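# Architecture and fold: a report
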Amino acid sequence: INKERNSANTFKKRHLLIEMHSRTCPRPPDQPVDGCLGPLTVVLDHTSGFEGLLFVDDDLLGVIGHSNFSSIRATTCVYRGKWAYEVLISSQGLMQIGWCTLNCRFNQEEGVGDTPDSYAYDGNRVRKWNVTTTNYGKSWAAGDIVSCLIDLDEGTITFCLNGQSLGTAFSNIKMGPGVAYFPAISLSFKESVAFNFGSRPLRYPVEGYLPLQNPPTADLLRAHKLLGYIKTVLSTTLDTQEEKVLEKDSACWSLHGEPTTLVTLAHIFNYFAPLMCKVYLVEDVLMNFLLGILEGGGSVDEHPLIQQLLDLFWLLMEDYEVNECLKQLMMSLLRAYRFSPIIPDLGFQIHYLRLTTAILRHEKSRKYLLSNVLYPFIVVFFYIKTPLRVKEAGLEELIPTTWWPTRFDKEGKESKDESAEERLRRRAYERGCQRLKKRIEVVEELQVQILKLMLNNKDKGTGEASRYIFLNKFRKFLQENASNRGHPTALSLCPPEYMVCFLHRLITAVRSYWDEGKMRNPGCVSSDEAYVPPQLFYNGKVDYFDLQRLGGLLSHLKKTLKDDLASKANILMDPAEIQATSMDDLDEEEESGSAQRPFGAVAMGGALARPSWLSSPTLGRANRFLSTAAVSLMTPRRPLAPPEKVKVRTLAVEQRTEEDIEGSHGNDGLLLGRPLEEPDHPITEKSLLEILDGIVMMYNLSVHQQLGKMVVVSDDVHEYAVALKDTEEKIARCPARRPDILEELQKSQKVFAEKLNHLSRRLAWINATIYCKDKMLDVYWLLRVCILTIQHADNTGTLFAFAPEFYLNVAMNSYSSLKNYFSPSNCMDQLPGYEDTLTQLAAILAKHFADPRIVGTDIKDSLMQALASYVCYPQSLRAVERIPEEQRVSMMRNLLAPYEQRPWAQTNWILVRLWRGCGFGYRYTRLPHLLKTKPEDTNLPSLQKPCPSLLLQRHMAELLSLDKDMAASFLNSVLNQLNWAFSEFIGMIQEIQQAAERPERNFVDTRQLKVCATCFDLSVSLLRVLEMTVTLVPQIFLDWTRPSAELLLRRLAQLLNQVLNRVTAERNLFDRVVNLRLPGLESVDHYPILVAVTGILVRILVDCERQGVSRAASVLLSDPCFQLHSIQHLLGEGETSPAAAVLPQTPAVHPGDPAAAPAERKHFSLHACEYISLAEQKVEQMLAFLTIESKQAAASTPTSEEDLCPICYAHSISAVFKPCSHKSCKACINQHLMNNKDCFFCKATITGVEDYSKKPTAS
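About the thresholds
- Residue numbers run consecutively from 1 along every chain, following the written order of its sequence.
- Reporting of local features is limited, given that this is a predicted model, to residues whose pLDDT is at least 70; pairs of side-chain atoms are given and counted only at 80 or more, and all residues count toward the totals for whole chains, interfaces and linings.
- Hydrogen atoms and water are omitted, and side-chain values are computed over all heavy atoms in the structure.
- UniProt positions are given in the numbering used here, feature names are shortened, and annotations may be inferred rather than shown by experiment.
- In this description a helix means any DSSP run of H or I spanning at least four residues, a strand means any run of E spanning at least two, and both kinds are numbered starting from the N terminus.
- Relative accessibility decides the category of a residue: with a 1.4 Å probe and only protein chains considered, values under 20% of the type maximum give buried, values over 50% give exposed, and everything between is partly exposed.
- Pairs of residues are marked as contacts when any of their non-hydrogen atoms sit within 4.5 Å.
- Cysteine sulfur atoms are paired as a disulfide whenever they come within 2.5 Å of each other.
- In summary, the charge assignment counts Lys and Arg as positive and Asp and Glu as negative, without counting His or the chain termini.
- We count a salt bridge whenever a side-chain nitrogen from Lys or Arg sits within 4 Å of a carboxyl oxygen from Asp or Glu.
- For this analysis, a polar contact is any N or O atom pair within 3.5 Å, provided that within protein one partner can donate a hydrogen and the other can accept it, and provided that sequence-adjacent residues contribute only side-chain to side-chain pairs.
- Pairs were defined over the aromatic rings of Phe, Tyr and Trp, the Trp ring being its six-membered one, requiring ring centres within 6.5 Å. Orientation was assigned from the angle between planes: stacked under 30 degrees, edge-to-face over 60, tilted for the rest.
- Here, a charge over a ring is recorded when the distance from Lys NZ or Arg CZ to the ring centre is within 6 Å and its angle to the ring normal is within 35 degrees.
- Axis angles are defined between N-to-C directions and span 0 to 180 degrees, where every axis is a line fitted to C-alpha atoms and, for a helix, only to the segment in contact.
- For classification, angles of less than 35 degrees are called roughly parallel, those exceeding 145 degrees roughly antiparallel, those between 65 and 115 degrees roughly perpendicular, and all remaining angles oblique.
- Amino acids are sorted into nonpolar (Ala, Val, Leu, Ile, Met, Phe, Trp, Tyr, Cys and Pro), charged (Asp, Glu, Lys and Arg) and polar (every other residue, Gly among them).
- A residue's pLDDT is simply how confident the predictor is in it, with values from 0 to 100.
- Expected helix span is given by 1.5 Å per residue-to-residue step, counting one fewer step than there are residues.
- Remark: nonpolar core denotes a set of buried residues (Ala, Val, Leu, Ile, Met, Phe, Trp, Tyr, Cys) joined through side-chain atoms within 4.5 Å.
- By the convention used here, strands pair only if DSSP detects at least 2 bridges between them.
- Two joining distances apply to patches: 9 Å for like charges and 5 Å for nonpolar side chains (Val, Leu, Ile, Met, Phe, Trp, Tyr), and every residue must have over 30% relative accessible area and no salt bridge.
- Using the Shrake-Rupley algorithm and a 1.4 Å probe, accessible areas are obtained, with residue cover drawn only from the displayed protein chains.
- By convention, charge coordinates are those of NZ in Lys, CZ in Arg, CG in Asp, or CD in Glu.

Per an unreviewed UniProt entry, the protein is named E3 ubiquitin-protein ligase RNF123, and its organism is Oncorhynchus tshawytscha. Under Subcellular location (unreviewed entry), UniProt gives the following word-for-word description of the protein: "Cytoplasm". The heading Pathway (unreviewed entry) in the UniProt record of the protein holds the text "Protein modification; protein ubiquitination."

Next comes the structure, spelled out in structure tokens:
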């Protein structure tokens, strides 16, 4: 009885304390403060105080510009006293932030600071504005906080950046009766900020200045005291034997303790719980208290008090109260993590992540937050932002020594030779980078811990496991991003930089769980051999939204392949469902063809497209669309996941359960419909398979794009390093008599060095977070996943058409990023199993670039381009040579298909690369005349050193030799394309020359110049393919027992003569345009095209057997376009003339170009070309042979017109038609019969052609 009485007395004392507190600290009613007018809750005025198009968040504190220059003001104004508000800069673009009066009128061109009674600070242009503008302050960056201070007692306006005053911006501002100032902002398109008028604690309060919104002072006092009571109770225990109240460590407190303690806590929470629904109190009181618990260091597991507090929240607070409290707490953490400044030890980020981890360790809280709060904001926690200010981030102390490449070869590549001093600098820089990497790894490890908590599938005590909540939300997140990708005005996309970090953490977490499952079940596949089984693509268990399949539309595939689904996968399709799906696709097509939506009114789900939750600094949904213009909303597309239309055998994401994903007895879950070709063994937990599928999709959506974007910093380092090296060389050569030049050069040197110091430290951060070895291994793992997935899907035969296109895209893009984006220090050769992976990817490209199961034009073009790039590099070309012979031969057969009716330029490029290095004068990397110009990007496929494939050339020769019909159709198509390309080129240079000869100043369209250069390059590449064919299989042209050989030879001779005549004639059109040296036409020169033609001529006139040479010479000489001086021109034996006689006297197209008017231009000659020294004798031999043959041909030329072909009048009659007996030369009739079987003259059907020789006449 005494024990119970003591307990009751203790309870009464504590209850009395609470009542006394409530009487002494009553909450005062909200009252206006002197000097301030307007609502007590200060927000942005979304009813009348705005101009232009804007998106405003739900809380009316975040705003996003959606027109040229939009303006908005707050609902409250001030007229006396000192006031402050803060603006969080979410994007660092053009904005003007400050104060304005009610009389200010803004428009799309003029905003805050552009009218007499408005004042603004612009950190983008580093200026202040009040009608006129002057320099002020310093530049801001995303994540900065601008404090706007107005002193209406002294008449001044001041701005602060991150708590540091920028000085008084304006003084003597207008004051007096009727003058009051509103907070206001003007911002350009897609710029975003968040205001804090006092609804949350100011980050940088200034003494003497009040926030516009009164802080809840009384509630703050109550909350702090009540929280103190809770801490006291948790650290107190009752000794019932000694009848004493004892202190204990609050970390040892347990929910299952003394009932008196719980009753006491229940009474405290009766007052405390309502306060925790207010964002100000949660952020200022609760979050700081929880952060303080973790300040002692140690792992999160060593601080169980947070778990106990959350247990109390769920026990003693109403559901709506704890839900609101957790929501506000997590959103405050998200904001704090996202916008906290970067410091050397990343202390702020680590602190917030540790608290997030501690909260998510609580099962019930984790599931509530996953279901209702975190998505899609959760990706914020996995992003490590790059500091824009190196000094403030402490990188100068962390990386005191900077380094960049200082030695370059002739092609602009970094040289490996370095001095001892440079080596020491590089090593010191690398040590600094390693220190930085270790600090970043601490943050990354915490982020992975958070993901592992979310991927827990064992926490089923309070309902569905966390993993399945995460999976459904993750799929919805991907759906939103995939559905809006590529839309010009879509803003609801997760920024790519967030996606990159999220992807890497997710890969680490998934692989960890995957390997744990492998340890529990050794029969499963290890994560190194992970893949997505093909049945996910067609069994309807996973929704791929509207993403394109390899075989076309899903509804079409279900109709055409329903029998294959039944026989191979045991999946039966309901005809009614197929019909419903088809009608659904038809409706979508009709809706998508409706009137175009106006800019800024993207409709989705019956409402305006919501801007990105990450473009909103408050992390709130921007559901309010403000417009001062009439905006018409077109008929919207159906919502992203319409519940009334469910795809065949597909459950809506929200409706799926654990059983639908993992399966149960007799139910395969996600793996329903296993094809016979797929092995019957477990892979891993099925939920991990769907997450893996989502990871691949995420890479395709935006990660690859971001990896390419961030390389620009490395490129900038290279450009500045080259510029610094060039400046230092100029300083060394500067004459002593020109101190003025020396001074300017030294200034430039200082600027370049400072910029390089900044960029090299920034690059160290980017390499540590994006391009380090760990991240490279992640991308490589993703490449292997895609390769294995494609291989398994390919084994299913026709069902391969169901595979989404993005798997092939990710396979190609991930390889490209490994090769082009990651640091040179992370060599690809060191990746495990790299050669085998290269070979597997080569097999995929070789097989599927002409796969009839793939119908999409874009993906087919991507495969062709990837293969073209693949054969440009020695290592990947050798991988192509390692694939099975059957696949190599099949690839070459597809490459040799006729060029008509398909994209042929890339095909031709592939064949050219296989030949480059074997052709006549074809061993160069850059064209000889371009070697002294500015180096280009040496990583480009076109600038790789020649690496011909003799093996693939042999396959090509065998195919063309054995298949006569294919050889004829292939060569005819090549000759047709050459005729078209060269004709187009000539037509374009005529237009360019005409523009140059006009007396008035003219500029040729750059697009026209580009097309002209492309036609020239195509002509050269087609000539090289002809050279390769003539070299490998000369009998196609010279063995006239083949039905089309003579015709092909005559067509070849005709085209070669046309090219030679156009290019070699003195003072001709080609010479004039080449000598103009226009930007964009750098590749147009005599060398590439004349050397290609020479290679063909040498092969058929010198290197072949005697009979073939004789036939080739007779056909070449009999062509009416043949001119011997064109051959002489090749060796420089034509007339030479100064360029003054060649160039027009009118101004060039681009006056002032030093290359546009050279003093004198030498005549082209193969003797002067360094790449052809060994072949000169053959050219001279060919010229001598043609000289003799041309004289003999001239002597034997028929003098009678009766002996000439009546069609071309160039060749002797050599064929007679049956049955009509009309005559012509063989070239004319053979070419005619390719398209028409009627006689030229009588229109009778020709049944045959016989040789004709004229009988000798009697003397």
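Picking up where we left off.
It is worth spelling out the overall build of the protein at this point. Along the backbone of the protein there are 37 helices and 25 strands. In the protein, which comprises 1259 residues, the proportion classed as buried is 54%. Long-range pairs, those at least 24 residues apart, make up 75% of the contacts in the protein with a sequence separation of at least 6.

Tyr375 connects to Pro376 through a cis peptide bond whose omega is 5 degrees. Take Pro376: it is sitting in the loop between helix 8 (363–372) and helix 9 (395–398). With an omega of 10 degrees, the peptide bond between Lys1218 and Pro1219 qualifies as cis. Phi angles above zero are rare outside glycine, and Val126 is one such case at about 55 degrees.

Our focus in this paragraph is the state of the cysteines. Evaluated as defined, the whole model comprises 0 disulfides. Its sulfur unpaired, Cys1220 is 3.7 Å from the next cysteine sulfur, which belongs to Cys1239.

Moving on: the side chain of Lys385. Tracing the backbone shows Lys385 in the loop between helix 8 and helix 9. Asp144 provides the closest opposite charge to the buried, salt-bridge-free Lys385, at an N-O distance of 7.2 Å. Within the structure, the side chain of Lys385 is placed 3.1 Å from the backbone oxygen of Ser340, a separation counted as a polar contact. What Lys385 contacts, discounting residues up to four positions off in sequence, is Arg338, Phe339, Ser340, Ile342 and Trp765.

Summed over the entire model, instances satisfying the criterion amount to 35 aromatic pairs. On the basis of an interplanar angle of 85 degrees and a centroid distance of 5.6 Å, the ring pair of Phe269 and Phe272 is categorised as edge-to-face. Residue Phe269 and its partner Phe272 are both found in helix 3 (residues 259–275); the two are separated by 3 residues, about one turn of the helix. By way of ring pairs, the aromatic residues Tyr375, Phe382, Phe470, Phe474, Phe477 and Phe502 are connected into one cluster. Geometry around Phe182 places Arg73 over its ring, the cationic atom sitting 5.3 Å from the centre.

Look at helix 4 (residues 279–294) against helix 7 (residues 347–360): their axes get within 10 Å of each other, and the N-to-C directions meet at 100 degrees. Between helix 4 and helix 7, the crossing angle belongs to the class labelled roughly perpendicular. Along its contact with helix 4, which presents Met287, Leu290, Leu291 and Leu294, the element helix 7 presents His351, Tyr352, Arg354 and Leu355. Looking at side-chain class alone, the contact of helix 4 with helix 7 contains 6 nonpolar, 1 polar and 1 charged residues.

Mean pLDDT over the protein stands at 82; residues scoring 70 or higher make up 81%. Low pLDDT, under 50, characterises residues 1–29; the stretch is placed with 36 contacts to residues that sit more than four places away or in other chains. In the model, residues 586–615 has pLDDT below 50 throughout and makes 86 contacts with residues more than four positions away in sequence or in other chains.

The end-to-end C-alpha separation of helix 22 (residues 857–870) is 20 Å, in line with the 20 Å expected for 14 residues at 1.5 Å each. Along helix 22, the residues that are buried comprise Ile859, Leu863, Met864, Ala866, Leu867, Ala868 and Tyr870. Taken together, the buried residues of helix 22 touch helix 20 (805–820), helix 21 (834–848), helix 23 (874–882), helix 24 (885–895) and helix 25 (905–915).

Bringing the nonpolar core into the picture now. Counting 308 residues, the largest nonpolar core has Phe470, Phe502, Leu506 and Leu911 as its most contacted members. The element best represented in this core is helix 17 (residues 686–733), accounting for 18 residues. Residues in contact with Phe470, not counting those within four places in the same chain, are Leu370, Tyr375, Leu451, Met454, Leu455, Phe502, Leu506 and Ile691. Counting residues in hydrophobic clusters, the runner-up holds 43 residues, among them Ile72, Ile97, Val146 and Ile150.

This next bit is on the pairing of strand 9 (residues 118–122). Within strand 9, 5 of the 5 residues are buried, leaving the element largely enclosed by the surrounding structure. Burial of strand 9 is two-sided: the residues Ser118, Ala120 and Asp122 facing one way and the residues Tyr119 and Tyr121 facing the other way are all buried. Examined bridge by bridge, strand 8 (residues 95–100) and strand 9 share 4 bridges and lie antiparallel to one another. Pairing of Ile97 across the sheet is with Tyr121, part of strand 9. Here strand 9 folds back onto strand 10 (residues 127–130) in antiparallel fashion, the turn holding 4 residues, of which Val126 has a positive phi close to 55 degrees.

Counting buried positions along strand 5 (residues 69–73) yields 5 of 5 residues, so the element is predominantly enclosed. Side chains Phe69, Ser71 and Arg73 of strand 5 all project onto a buried face; the interleaved residues Ser70 and Ile72 project onto the opposite face, where all are buried too. Bridge count between strand 2 (residues 50–51) and strand 5: 2 bridges; the pairing is antiparallel. The residue of strand 5 that forms the bridge with Glu51 is Ser71. Judged from the 5 bridges that link them, strand 5 and strand 15 (residues 182–188) form a sheet pairing that is antiparallel. Paired with Arg73 across the strands is Ala184, a residue of strand 15.

The next point concerns the sheet that holds strand 8. Taking strand neighbours across the sheet as the criterion, the 7 strands line up as 2-5-15-8-9-10-11 in an open arrangement whose pairing is antiparallel. Of all strands in the sheet, those with a lone pairing partner are strand 2 and strand 11 (132–135), marking the two edges.

Read from one edge to the other, the open sheet built from 3 strands follows the order 24-23-25, with strand pairing classed as antiparallel. What marks the edges here is a single partner per strand, and that holds for strand 24 (1223–1224) and strand 25 (1248–1251). Pairing geometry for strand 23 (residues 1215–1218) and strand 25, over 4 bridges, is antiparallel. Each residue of the ladder has a partner; that of Ala1215, found in strand 25, is Asp1251.

For the structure shown, the criterion picks out 35 salt bridges. A salt bridge links Asp151 to Lys82, with the shortest nitrogen-to-oxygen separation between them at 4.0 Å. Of this pair, Asp151 sits in strand 12 (residues 145–151) while Lys82 sits in strand 7 (residues 82–89), and the two are 69 residues apart along the sequence. Salt bridges here are not isolated pairs; linked through shared partners, they connect Asp794, Lys847, Asp851 and Arg853.

This next bit is on the environment of Glu881. Here Glu881 lies in helix 23. Exposure remark for Glu881: the relative accessible area of 17% places this residue in the buried category. Separated by 38 residues in the primary sequence, Glu881 and Ala843 place their C-alpha atoms 9.6 Å from one another. Setting aside residues no more than four positions away along its own chain, Glu881 makes contact with Arg888, Ser949, Leu950 and Leu951.

Tracing the backbone shows Lys128 in strand 10. Along the primary structure Lys128 and Phe159 are separated by 31 residues, whereas in three dimensions their C-alpha atoms are 9.9 Å apart. Aside from chain neighbours lying at most four places away, what touches Lys128 is Ala120, Thr133, Thr134, Tyr136, Ala169 and Phe170.

All right, on to a positive patch on the surface then. Together, Arg427, Arg431, Arg435 and Arg439 line one region of the surface with positive charge. By the element assignment, Arg427 lies in helix 10 (residues 420–454). Of the residues examined, Arg427 reaches a relative accessible area of 43% and is grouped as partly exposed.

Another point: the packing of helix 30 (residues 1045–1064) against helix 37 (residues 1226–1233). Contact pair helix 30 / helix 37: the axes reach a minimum separation of 9 Å and the direction vectors enclose 105 degrees. With respect to helix 37, the axis of helix 30 lies roughly perpendicular. Together, Glu1046, Leu1047, Arg1050 and Arg1051 of helix 30 and Lys1226, Ala1227, Asn1230 and Gln1231 of helix 37 make up the contact between the two elements. Looking at the contact of helix 30 with helix 37, its residues break down into 2 nonpolar, 2 polar and 4 charged.

The next point concerns the environment of Thr356. On the secondary structure map, Thr356 appears in helix 7. Note: C-alpha distance between Thr356 and Phe381 (25 residues apart in sequence) is 8.9 Å.

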